[in-house]
Amino acid sequence: MALALRLGLSTLLALIGVAGLVQLTLQPPLASRPGTSAAVLLADLEAQEALLDQRQQAALLLNRFVGAQITRYFWGGFSGYLDVLGIEAPQDMKAELKVEDQSAQLRLIPRTGKETYVARVEAIESVPRGVVCRGEGTPGAFSFQSDRLGCPPGWRTLGSPKRLRPTS
């Protein structure tokens, strides 16, 4: 009796499944749809992957820069040398380091693409605060609200490298 009930239930579920499939309009894979070139699609995917890799590399380096500069500040002031901080600029990006009395800023300019990356550490009331941002062009003035250093207008915070991959 239990075997017949199981067999009847599985048959009923199979019939419902087949009925649903018959009514579904199946679309071809994305690359073979009319109006879409596989080469263009692949090029777009490669460009997105390259941008995500670039962001991840920049985020890793700039977050290290912020941590190292905060440490250096407590040891007597910001450093104007990347090698002293244990940081090496990537070969595919130009690094511009600017150090003033109460701030340090590292800007990474990729050789390809529009996006630019910047990290800034400022000592505000003798407390160093840092931020890592991404945007286009030259960053403007950094904001300061609620004891936090913020990105310039039109720029976005560049999170930690671990969070970049799934959300970007």
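For the structure itself, consult the block above.
Described below are features of the structure shown in this document. Please read these numbers as outputs of a predicted model, since none were measured by experiment. (Residues numbered from 1 in each chain as written. Predicted model: local features only at pLDDT ≥ 70, side-chain atom pairs only at ≥ 80, totals over all residues. Heavy atoms only, no water.)

Remarks on unusual backbone geometry
Part 1 of the argument: Of note in this structure, Ser126 is not a glycine but carries a positive phi near 65 degrees.
Part 2 of the argument: Mapped onto the secondary structure, Ser126 falls in the loop between strand S3 (115–124) and strand S4 (127–136). (Helix = DSSP H or I, 4+ residues; strand = E, 2+ residues; numbered from the N terminus.)

Some details on the nonpolar core
Part 1 of the argument: Membership of the largest hydrophobic core comes to 22 residues, with the highest contact counts inside it found for Leu62, Phe65, Leu106 and Leu108.
Part 2 of the argument: For this core, the secondary structure elements donating two or more residues are helix H2 (38–74), strand S2 (103–110) and S3.
Part 3 of the argument: It is H2 that contributes the most residues to this core, eight residues altogether.
Part 4 of the argument: Leave out the neighbours within four places in its chain, and Leu62 touches Leu106, Leu108, Tyr117, Val118, Ala119 and Val132.
Part 5 of the argument: Listed in part, the eight residues of the second largest apolar core include Ile124, Val131, Phe142 and Cys151. (Core = buried A, V, L, I, M, F, W, Y, C linked by side-chain atoms within 4.5 Å. Buried < 20%, exposed > 50% of the residue type's maximum accessible area, 1.4 Å probe, protein only. Contact = heavy atoms within 4.5 Å.)

Considering H2
Part 1 of the argument: Spanning 37 residues, H2 covers 54 Å between terminal C-alpha atoms, matching the ideal 54 Å at 1.5 Å per step.
Part 2 of the argument: One or two positions beyond H2, positive phi appears at Gly76, with a value near 130 degrees. (Expected span 1.5 Å × (residues − 1).)

Re the environment of Leu61
Part 1 of the argument: The residue Leu61 is located in helix H2 in this model.
Part 2 of the argument: According to the relative accessible area criterion, Leu61 is buried, its value standing at 9%.
Part 3 of the argument: Taking C-alpha positions, Leu61 is 10.0 Å from Val132, a pair spaced 71 residues apart along the chain.
Part 4 of the argument: Setting aside its immediate chain neighbours within four residues, Leu61 contacts Ile87, Glu88, Ala89, Pro90, Leu106 and Leu108.

Interpretation note: all reported values are geometric properties and have no functional meaning in isolation.
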